Amino acid sequence: MSVLVVGSTALDSIKTPRRAHPRLLGGSASHAAVAASFFAPVKLVGIVGGDFPKRYIELFRRHGIDLDGLQIAAGRTFHWSGEYEVNMNHRRTLATELGVFERFLPVLPPTHRRTPYVLLANIAPALQHHVLDQMRRPRFVIADTMDLWLNTALEELLRLLARVDALVLNDSEARQLAGEDNLINAARRLHRLGPRYVIVKKGEHGSILSSRQGLFLCPAYPLAKVADPTGAGDSFVGGLVGYLASRGGAVDRHLRQAMLYGSVVASFGCEGFGLTRTTRLRRADLDERLAKLRQLAAC
Ligand code: AMP
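A few points on the structure. Model, not experiment: these values are computed from the prediction.

**Re the packing of helix 3 (residues 125–134) against helix 5 (residues 154–161)**
The contact between helix 3 and helix 5 brings their axes to 8 Å, and the two run at 35°. Note on packing geometry: the crossing formed by helix 3 with helix 5 is left-handed. Residues Pro125, Ala126, Gln128, His129 and Leu132 of helix 3 lie in contact with helix 5, whose contacting residues are Glu156, Leu157, Arg159 and Leu160. Here the residues of the contact of helix 3 with helix 5 sort into five nonpolar, two polar and two charged.

What follows is the structure, encoded as structure tokens:
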């Protein structure tokens, strides 16, 4: 079954203490769509400007990603730049130039409205609502978010939580949104706002799923060298929903394995700048690393 991914489609300029790469393919939807494409057919909904390189369009096509919902507008593509410290867990946003993103209204082609799996990747909650308003009875909706929206669009975000099956957010966002320091209690509070599944990401320390089945601790694949962690969270949730769509059936049956696959795709993503490593992967690479991850966590 297929996955609809809506979010940002960007050009990212990324600096680390070792290197700088300007105008790489980035954005929450780009990372998530490519990650999901290893498992299931993907429909991408986003907006780019006239300056968006053709090679990136071709890259999406090579991954079999349906681009009928990608708007190409007059103006410049959303450009984000960020700089990492020696400790890669610390990142500073240097610039956010919205460009055509400023007037983005995600209008879904009629063929997209019945897509069974929906990933609302990180964008303004108002736009995430707009996508859901157009969907016809999706089977599973998962939303990602970021601290910006907790600080600037809290009311819309809270309304969104009542409309989604699953919420993914990082640990500091979970604490802030729930107003609770303990992550387990924070997840419980977030359930009360709507989502049946709450997934809290903890970067290199993996993630925690909270659901009616209890808790699941998903490890991150340990990496000795991280080139660029940009988009790791987006790749995680993209891989996760792609795997769920590939299995169909009850979410509870497949969600743990889906998180492990998400973790594996994200780990590969961190080994290269932007999407450079991920786009060279084959499904067999993912399966091989998944087996290693399972071994590492077994006792
Ligand atoms: P992450 O590393 O998971 O925080 O995701 C990084 C990606 O988010 C980059 O590729 C950026 O292009 C994208 N991004 C940064 N700021 C925003 C924003 N305000 N809205 C949507 N996407 C953003």
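**Regarding the pattern of salt bridges**
Scanning the model with the defined rule gives nine salt bridges in all. Taking the shortest distance from any N to any O, the salt bridge between Glu271 and Arg289 comes out at 3.0 Å. Taken together, the residues Glu271 in the loop between helix 9 (251–270) and helix 10 (283–297) and Arg289 in helix 10 connect sequence positions 18 residues apart. Two residues, Asp285 and Arg282, come together in a salt bridge whose shortest N-O distance is 3.0 Å.

**Examining the site of the ligand**
Of all residues adjacent to the ligand, which total 16 residues, the nearest are Ser8, Asp12, Gly27, Arg91 and Gly231. Gly27 is positioned with one of its backbone polar atoms (N or O) 2.7 Å from an oxygen atom of the ligand. Gly231 is positioned with one of its backbone polar atoms (N or O) 2.7 Å from an oxygen atom of the ligand. Considering the ligand on its own, with 510 Å² of exposed area, one finds that the protein chains cover 86% of that surface. Breaking the shell around the ligand down by element, the ones donating at least two residues are strand 2 (10–15), strand 6 (78–84) and helix 8 (232–247). Considered class by class, the residues forming the shell around the ligand number five nonpolar, eight polar and three charged.

**Observations regarding unusual backbone geometry**
We note that Arg23 has phi near 50°; this positive angle belongs to a residue other than glycine. Mapping Arg23 onto the fold places it in strand 3 (residues 20–26). The class for Arg23 is partly exposed, based on a relative accessible area of 30%. Residue Arg137 is not a glycine yet carries a positive backbone phi of 40°. Mapped onto the fold, Arg137 is located in the loop between helix 3 and strand 9 (140–144). The exposure class of Arg137 is exposed, given its relative accessible area of 79%.

**Some points on a nonpolar patch on the surface**
Taken together, the side chains of Leu154, Leu158 and Leu193 define a hydrophobic patch exposed on the protein surface, amounting to about 210 Å² of accessible area. Examined against the element boundaries, Leu158 turns out to sit in helix 5. Since its relative accessible area comes to 35%, Leu158 is described here as partly exposed.

**Describing the side chain of Ser8**
Of note, Ser8 is situated in the loop between strand 1 (3–6) and strand 2. A polar atom in the side chain of Ser8 sits 2.8 Å from the backbone nitrogen of Ser28. Contact partners of Ser8, with chain neighbours within four places excluded, come to Gly26, Gly27, Ser28, Ala29, Ser30, Phe78, Phe101, Asn122 and Ile123.

**Here we look at the side chain of Asp234**
Tracing the chain through its elements places Asp234 in helix 8. Lys201 provides the closest opposite charge to the buried, unpaired Asp234, separated from it by 5.8 Å. Those residues within four positions of Asp234 in sequence are excluded, and the remaining contacts are Ser28, His31, Ala32 and Asp144.

**Re the pairing of strand 3**
One ladder, built from five bridges, connects strand 2 with strand 3; its direction is antiparallel. Paired with Leu11 across the two strands is Leu25, which belongs to strand 3. What sits between the antiparallel neighbours strand 2 and strand 3 is a turn of four residues.

**Thoughts on the packing of helix 6 (residues 171–178) against helix 7 (residues 183–192)**
Each pair of packed helices can be summarised by the angle the axes make with each other and by the distance between the axes. Where helix 6 contacts helix 7, the axes come no closer than 9 Å and their chain directions differ by 60°. Considered as vectors, helix 6 and helix 7 are oriented oblique to each other. For helix 6 against helix 7, the interelement crossing comes out left-handed. Contacts from Asp171, Ala174, Arg175, Leu177 and Ala178 in helix 6 reach Leu183, Ala186, Arg189 and Leu190 in helix 7. Of the residues contributing to the contact of helix 6 with helix 7, the split by class is six nonpolar, no polar and three charged.

Parameters at a glance
Residues numbered from 1 in each chain as written. Predicted model: local features only at pLDDT ≥ 70, side-chain atom pairs only at ≥ 80, totals over all residues. Heavy atoms only, no water. Axes fitted to C-alpha atoms, helices over the stretch in contact; angles between N-to-C directions. Helix = DSSP H or I, 4+ residues; strand = E, 2+ residues; numbered from the N terminus. Left-handed = near helix turned anticlockwise from the far one by under 90°. Contact = heavy atoms within 4.5 Å. Nonpolar A, V, L, I, M, F, W, Y, C, P; charged D, E, K, R; others polar. Salt bridge = Lys/Arg side-chain N within 4 Å of Asp/Glu carboxyl O. Near = heavy atom within 4 Å. Polar contact = N/O pair within 3.5 Å; in protein donor to acceptor, adjacent residues only side chain to side chain. Areas by Shrake-Rupley, 256 points an atom, 1.4 Å probe, with all protein chains shown as cover. Buried < 20%, exposed > 50% of the residue type's maximum accessible area, 1.4 Å probe, protein only. Patch = residues over 30% accessible without salt bridge, like charges linked within 9 Å, V, L, I, M, F, W, Y side chains within 5 Å. Lys, Arg positive; Asp, Glu negative; His and termini not counted. Pairing = 2+ DSSP bridges. Parallel < 35°, antiparallel > 145°, perpendicular 65-115°, else oblique.

From the geometry alone we can't say anything about function, so treat these as descriptive.
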